[in-house]
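Reading the structure
Here's the letter readout for the chains.
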Amino acid sequence: MPLSLRELVFDNRLVREMPADNESENFRRQVYAAVYSRVTPTPVKNPHLIAAVSEVADLLQLSHAAFADPQFTQVFGGNELLSGMEPHACVYGGHQFGNWAGQLGDGRAINLGEVKNSRGEHWTLQLKGAGPTPYSRTADGLAVLRSSVREFLCSEAMFHLGVPTTRALSLVGTGELVRRDMFYDGNPQMEPGAVVCRVAPTFTRFGNFEIFSARNDIALLKQFTDFTLRTDFSALFPAEQHEFTKADYLRWFNEICIRTAQLMAHWMRVGFVHGVMNTDNMSVLGLTIDYGPYGWLEGYDQDWTPNTTDAQGRRYRYGSQPRVALWNLAQLANAIYPLIDEVEPLQAALENYRAEYEHCAQRDVAAKLGLSQFDPMQDQALNKQLLACFQLVETDMTIFYRALAQLNADDISHYANSQCVDIVRDSFYSVVDARAETQWADWLRLYAARLQQDYVLSGNTHTQKCERMNAVNPKYVLRNYLAQQAIDKATQGDFSEVEKLLQILRNPYAEQPDYQHYFAKRPEWARHKAGCSMLSCSS
Ligand code: AMP
Ligand code: MG
């Protein structure tokens, strides 16, 4: 039986077992010798429910009828607490753009507590944008509607794409205005405020370990790490294990390396660019976390970054993500080194990251091309030549792979160049010249020959190949301009486009004939429009 709001059971392990900050006043400060600070959400004037996600309610075993309960909006807008909730913000640090930034922490996130469902799963509920905490530094602890819509939609879209991610239960407008300088040009505007309730088994980041280590508080580092192993990684260890050895910590770190490698392969497969891969935005569970100035590749471009703050160095560009994740893992390795005292096994784990990423990336290249297996002898070169073709003419990644699935290897041999290229022409943003057309046709023929060879080896048919490709190459992604259109309407008080996108993105791999127009290249007007091409961190 699904539960009402008041029937949710909270089992707040972190609050119960970890040391709390002694200070109970909510003011900005450095917090030492504690994992979290108790803090209550700041009440808002006029909370109104914009959207809620039934699949996330299902995780909590919360009845969908609860969405219509006025208390739902009050609780997830930050005005009320349910019995059993123990709101708190966690301390963490992080490396931002390659530099140690010291204490950061949940500056605008407040954990409400851990729901324990009848399957014994724990799900932490976290409000983002519910007011200041001791970790808010110079900022206000609030979030604007545009960034909240982006987080809400993208986290659900990622889930349905099969990409590990935090989830979103609800999006609540606060009825209050928030001051933001979106372009950092000295022209702040008042924008509507909103709160997203995020849901994950835990929101622990690499930075949660880094902060204790940086402060040389090794006892707390060990205490928090042991807690993490016991709670969030219980599947790796015997039930009720409380004492951990070096070997256990290494096993755990290896697991993080493997999960992070898998996450990076997913991002690269779907064309997601996080935009701010600081170590405080890296989940210890290998989830996509903290949706800020992220973006989706439209034209395939290894160098693309959606984040204006990153435009200079392009540290977090699409093609760099797997390397940056490794760098971030190395920072985590440094942080937990005092628990292990040996460099080599940590380095070996980082090597495992490389190997796992390579394995996943190759598997994905094969799957995206509809091949039953990655044959390094041929497919390394095949993929390299494809990437070279992407340089010839701006090519929409999503449309390209869906169009490519239509290629019939038997037909193409007697096609002229232009006929070959017609198969994928819809994915080009401009006209291809004769030279580019020849190069594309050469690649398509090479690919067709490779497919034919694969059919013989694997026994696959054309139809099976299409299905295989369409299961890994999404048809619908949250294109930057689509999110922006939903935001523009939402700002006018019309939330229908948020609902519609949420619905379409529930089935990203399926053909949805009614929504064919959402499977379209970015329109020209969106190329340089704020929110559609580049995004600032202001949110
Ligand atoms: P981010 O780059 O968004 O991951 O944020 C880095 C740090 O800044 C984290 O500690 C956030 O909690 C904090 N932060 C970002 N925006 C705000 C805000 N509006 N109010 C308070 N803290 C914030
Ligand atoms: Mg963050």
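No experiment lies behind these values; they were computed from the predicted model shown.

Thoughts on the pattern of salt bridges
Pairs can form between side chains of opposite charge whenever their charged atoms are close. A full pass over the atoms with the stated rule returns 34 salt bridges. With a closest N to O distance of 2.9 Å, glutamate 511 and arginine 402 form a salt bridge. Note that glutamate 511 is positioned in the segment after helix H16 (496–504) and arginine 402 in helix H11 (residues 397–404), a separation of 109 residues in sequence. Residue classification places arginine 402 among the buried residues on the basis of a relative accessible area of 6%.

Regarding helix H14 (residues 462–470)
When H14 is considered as a whole, its buried residues turn out to be Lys465, Cys466, Met469 and Asn470. Each buried residue of H14 sits inside an arc of 125° when the element is viewed along its axis, so together they form one side. Buried residues along H14 sit in contact with helix H9 (343–369), H11 and helix H13 (434–458).

Topic: the coordination of the magnesium ion (ligand 2)
Around the magnesium ion (ligand 2), the protein contributes the donor atoms Asn281 (OD1) and Asp290 (OD), which lie 2.0 to 2.2 Å from the metal centre. Residue asparagine 281 is classed as buried on the basis of its relative accessible area, which comes to 10%.

A look at the side chain of threonine 398
Mapping threonine 398 onto the fold places it in helix H11. Threonine 398 has contacts with Pro474, Lys475, Val477, Arg479 and Phe519, leaving out every residue within four places of it along the chain.

Quick look at the environment of asparagine 26
Here asparagine 26 is to be found in the loop between helix H1 (13–17) and strand S1 (36–38). The spacing of asparagine 26 and proline 132 is 106 residues in sequence and 7.8 Å in space, taken between C-alpha atoms. Aside from chain neighbours lying at most four places away, what touches asparagine 26 is Val39, Pro132, Thr133 and Pro134. One polar contact links the side chain of asparagine 26 to the main-chain carbonyl oxygen of proline 132, over a distance of 2.9 Å.

Thoughts on the site of ligand 1
With respect to spatial proximity, 17 residues lie near ligand 1, and among them Gly105, Gly107, Arg137, Gly141 and Asn281 are the closest. Between ligand 1 and the protein, one listed contact pairs an oxygen atom with a side-chain N or O atom of arginine 137 at 2.7 Å. Leucine 142 places a polar main-chain atom, nitrogen or oxygen, 3.3 Å from a nitrogen atom of ligand 1. When isolated, ligand 1 has an accessible area of 490 Å², and the protein chains bury 81% of it. Taken together, the residues that form the shell around ligand 1 break down as 4 nonpolar, 6 polar and 7 charged. Counting contributing residues per domain, the shell around ligand 1 is built from domain 1 (5–207) and domain 2 (217–366), each supplying no fewer than three.

Examining the nonpolar core
Membership of the largest hydrophobic core comes to 170 residues, with the highest contact counts inside it found for Phe76 and Trp443. No other element matches the 13 residues that helix H7 (residues 246–270) contributes to this core. Those residues in contact with phenylalanine 76 that sit more than four places away from it in its chain are Leu5, Leu112, Leu125, Leu127, Leu169, Ser170, Val172, Val195 and Cys197.

Focus on the pairing of strand S9 (residues 189–200)
S9 sits mainly inside the fold: 9 of its 12 residues count as buried. The pairing of strand S7 (residues 122–128) with S9 spans 5 bridges and is antiparallel. Looking at the pairing, lysine 128 lines up with valine 196 of S9. Inspection of the sheet shows strand S8 (residues 167–180) paired to S9 by 10 bridges, in the antiparallel sense. Within the sheet, the bridge partner assigned to leucine 171 lies in S9 and is valine 196.

How each quantity is defined
Residues numbered from 1 in each chain as written. Chains lettered and ligands numbered in written order. Predicted model: local features only at pLDDT ≥ 70, side-chain atom pairs only at ≥ 80, totals over all residues. Heavy atoms only, no water. Salt bridge = Lys/Arg side-chain N within 4 Å of Asp/Glu carboxyl O. Helix = DSSP H or I, 4+ residues; strand = E, 2+ residues; numbered from the N terminus. Buried < 20%, exposed > 50% of the residue type's maximum accessible area, 1.4 Å probe, protein only. Arc of directions from axis to C-beta. Contact = heavy atoms within 4.5 Å. Donors = N, O, S within 2.8 Å, 3.2 Å for Na, K, Ca; no water. Polar contact = N/O pair within 3.5 Å; in protein donor to acceptor, adjacent residues only side chain to side chain. Near = heavy atom within 4 Å. Areas by Shrake-Rupley, 256 points an atom, 1.4 Å probe, with all protein chains shown as cover. Nonpolar A, V, L, I, M, F, W, Y, C, P; charged D, E, K, R; others polar. Domains from an automatic or database assignment. Core = buried A, V, L, I, M, F, W, Y, C linked by side-chain atoms within 4.5 Å. Pairing = 2+ DSSP bridges.

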